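What follows is each chain in one-letter form.
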Amino acid sequence: MSGVSAGPRPSPADRALSLIERIVPAPSAWAFALRIWLAMVLALYAAFWLQLSGASSAAVCVAILAQPKRGQALSKALYRFLGTLAGGAISILLIGAFGQDRVLLLVSVATWLGLCVFVAHFLQDTRAYGAMLAGYTVAIVAVAHIDTPQAVFDAAIDRVAAITIGIVAITFINDALASPSTWRTLRKPLSEAFSATRVFASETLSQADPGSERAAALIRRIAVMRADASAIGGELDDGARRAAGARSAIAALYAMAAASRAFTAAGRMLGRDSEAVAEARRICLGLTEAGSDADAASDRLGALVDEAIQGGTSDPLEILALQRGLDFARAVSFAEDGLNALSTGCRPRRDVALPTHRDLPVALRGAARVGIAFAATALLLVAAGWPATSFALVQVAATCSLSAIAPDSKAFARGVLIGMPLAALCAGIVLFGVLGGEQGFPLLAIAIAPVVFVACFLSLNPPTFGIGFILLVFFMVLLSPSNPQTYDAQTFLTNAFLVTMAACILFVAVRIVLPISRAQRRVFALDSARDSVLDALAGDGGDATTRTSLNSDRLLQFSQWSSGSGAVRAASLDRAFDLARLESAAARAHVQLCRLPDDPALNDAMRQAREGLEAADAATLARSVRAFLRHGRSMNAPTRLHIARLVSDLVTAGGVMESQHRLLRRLGLLRPA
């Protein structure tokens, strides 16, 4: 009608092809599903050949270890094996102690479950899975044989054997079919994150601070690569060096973002760049371009810092800006070195840890939720006189434990609620429709293939991961392949009902048993940040690089749980970033104070700095800064650089104390006026 052509409309054939491309999985997804199916078939065949009583556990192990990358599968396999050993040993111990008293046995199992889930909250990635697995393995071994305690030892040995077969099978298939290496797949997103951080820094240095929301989004993009970085170690002989390079690069990206924002903030407070600060800005902007020499830039920026101290500059903000420019250049150098180590396997310049933030109240509630759900289910089933109580308790223990370490327990519970009935339906169709009483292994292998492939496709899509994972695992649990295969319809229907009931119990438990709202999570994170700031002010802040990673993870979690209007959310994030800056600055300042020489000219300034940090007194910190700058001119070059780092951190800490005095007073970090 307006006379503007909208262009030729796509033909029906083009629309059909576009629809097919969206629906049909990519070749990599087909290859992943094929590897998992072959590994399941191999694990089942080996378990049948060895005549294990729990042969299906080998296939279930493969389903749980189904990961698209080799390093992920190897890392998870290692901690699955260790968790199974620990759980089997505890099962034998508990049965030996409480085998004649079911109540005490169930109470001890519930307590052990809660303890393992609590520990898992403070571990990372596959380590957390291993701790959680040690918990519900006790339910699988001890509770499942509550009526036959004399068989627990044999059951534990059979389970360890089945798990070992599953691990060997999936490892062999991944190696034989060239499963994608984690380090290769990590290299591209890490390089892209490096480029994105350079763009963020360029915008920050040349224009203005993009704000805490943009910084949190960048942290989110960087943080998702930590799991892959920790999974590289077991892939190759030089995997440990590649993993160290990836961790160093990730930590450097955090530091680049923080240093660029700090440089811009210092320049804004200066009002007008001095000649040295203007040169530092030009150097840092040059580092945001590919092909720059970060080491040469670090040398020049270090010289500018030394000249400022030696020249007796009277403006601490100039020292702050120059030092943050030097920090930025060093972070760029570490990022480039880490990427090179990841790609080539050479030894990186440093090996740093990437700790994650966990809140104690969240861990306690998660552990208590699992214990309460298990105990309540046991009480309900025993009171109802249900004949298959042990099987139901095993499923409740497993699903509740898995949900406890999931990033979003409610989303995982929804996936379980959908996946369990779907797994029961598929198992019933395969068992009574496709197999229909037959005993041939080739028919079994062919019959499970469609379900395995569909489950793998679903698990590769983040929104449907929970459904795919539950379908893949509990399809094999309910099918329970054995030699010879049993076809007891009543037992199957009972088990299908019990796993569905376990899904409903989990769905209800995560909502009514000690639920944690977004507001509560923000309060917990704020309380944790307050405790960390107090430790840092007292000199217990720890390594600066470690604190940067820990703070970045806390800020990421805080941003995920923040809500409200845009202005309210932005202000909340700004306060969280300010607390992180105060903590990092205080921790680094104490480190630099310990590195300064025992010089009479510096002792008084060092005493004032410690007192100012411990009392959170900005005025005392300012006096110590002036004293350090006054005496710094007469020191040697290494001491001058230590003084510059110290002054920059003391200025940062004092600035946050002054600008956020109301927040700090409300948190109990400042004394009432």
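Quick caveat: nothing in here was measured; it's all calculated off a predicted structure.

(A) Representation of the overall build of the chain within the structure. The helix and strand tally for the chain stands at 27 helices and 0 strands. Reported as C-alpha extents along the three principal axes, the dimensions of the chain are approximately 90 × 70 × 60 Å. Within the chain, the fraction of its 673 residues that count as buried is 53%. The contacts of the chain with a sequence gap of at least 6 include a subset with a gap of at least 24, amounting to 78%.

(B) Looking closely at the nonpolar core. Grouped together as the largest cluster of nonpolar side chains are 114 residues, with contacts concentrated most on I36, Y136, F374, L472 and F475. Considering every element that reaches this core, the biggest residue donor is helix α2 (residues 27–49), with 12 residues. The contact partners of F374, leaving out residues within four places of it in the chain, are L106, V109, A110, L113, V143, L393, V396 and A397. Counting residues in hydrophobic clusters, the runner-up holds 104 residues, among them I219, C284, L650 and L667.

(C) Representation of a nonpolar patch on the surface in the model. Residues L425, I429, V434 and L443 make up a contiguous nonpolar surface patch of about 330 Å² in total accessible area. By the secondary structure assignment, L443 is in helix α18 (residues 441–459).

(D) How the structure looks around the confidence of the model for the chain. Summarising the model, the chain shows a mean pLDDT of 84, and 94% of its residues fall at 70 or more. When the criterion is pLDDT under 50, residues 1–7 qualifies, and its contacts beyond four places in sequence or with other chains add up to 0 contacts.

(E) Summary view of the environment of E438. Relative to the helices and strands, E438 is located in the loop between α17 (409–435) and α18. By relative accessible area, which is 48% here, E438 ends up partly exposed. Measuring from C-alpha to C-alpha, the distance between E438 and I146 comes to 32 Å, with 292 residues separating the pair along the chain. Discounting chain neighbours no more than four positions away, the residues touching E438 are L443 and Y487.

(F) Region of the structure containing the packing of helix α12 (residues 275–287) against helix α14 (residues 316–344). At their nearest, the axes of α12 and α14 sit 10 Å apart, and the two run at 20° to each other. Judged by the inter-axis angle, α12 sits roughly parallel to α14. α14 is crossed by α12, and the crossing has left-handed handedness. The residues of α14 that touch α12, namely those facing A276, V277, A280, C284 and L287, are E318, A321, L322, G325, F328, A329 and V332. Among the residues making up the contact of α12 with α14, the classes are represented as 10 nonpolar, 1 polar and 1 charged.

(G) Quick look at empty space enclosed by the protein. All chains considered together, the criterion is met by 3 cavities of 30 Å³ or more. What the largest cavity holds in volume is close to 100 Å³. For the lining of the largest cavity, the elements supplying multiple residues, two or more each, are α21 (518–537), α22 (544–561) and α23 (566–595). Approximately 50 Å³ is the volume attributed to the second largest cavity. If you go around the second largest cavity, the residues you meet are A63, I64, A66, Q67, K76, S459, F465, F469 and L472. Breaking the lining of the second largest cavity down by element, the ones donating at least two residues are α3 (56–64) and α19 (465–479).

(H) Just the packing of aromatic side chains, in detail. In the structure shown here, the tally under the stated rule is 8 aromatic pairs. By the ring-pair criterion, three or more aromatic residues cluster together here, those being W30, F453 and F457. The aromatic ring of Y129 is capped on one face by K76, whose charged end is 4.9 Å from the ring centroid. Here R511 stacks its cationic end above the ring of F507, 3.9 Å away from the centre of that ring.

Procedures and definitions
Residues numbered from 1 in each chain as written. Predicted model: local features only at pLDDT ≥ 70, side-chain atom pairs only at ≥ 80, totals over all residues. Heavy atoms only, no water. Helix = DSSP H or I, 4+ residues; strand = E, 2+ residues; numbered from the N terminus. Buried < 20%, exposed > 50% of the residue type's maximum accessible area, 1.4 Å probe, protein only. Contact = heavy atoms within 4.5 Å. Core = buried A, V, L, I, M, F, W, Y, C linked by side-chain atoms within 4.5 Å. Patch = residues over 30% accessible without salt bridge, like charges linked within 9 Å, V, L, I, M, F, W, Y side chains within 5 Å. Areas by Shrake-Rupley, 256 points an atom, 1.4 Å probe, with all protein chains shown as cover. Salt bridge = Lys/Arg side-chain N within 4 Å of Asp/Glu carboxyl O. pLDDT = per-residue confidence, 0-100. Axes fitted to C-alpha atoms, helices over the stretch in contact; angles between N-to-C directions. Parallel < 35°, antiparallel > 145°, perpendicular 65-115°, else oblique. Left-handed = near helix turned anticlockwise from the far one by under 90°. Nonpolar A, V, L, I, M, F, W, Y, C, P; charged D, E, K, R; others polar. 1 Å grid on protein atoms, 1.4 Å probe; cavity = no way out; pocket = protein on both sides within 12 Å on 5 of 7 lines; lining within 4 Å. Points joined across faces, edges and corners; volume = space filled by probe spheres on them. Phe/Tyr/Trp six-rings, centres within 6.5 Å; stacked < 30°, edge-to-face > 60°. Lys NZ or Arg CZ within 6 Å of the ring centre and 35° of its normal.

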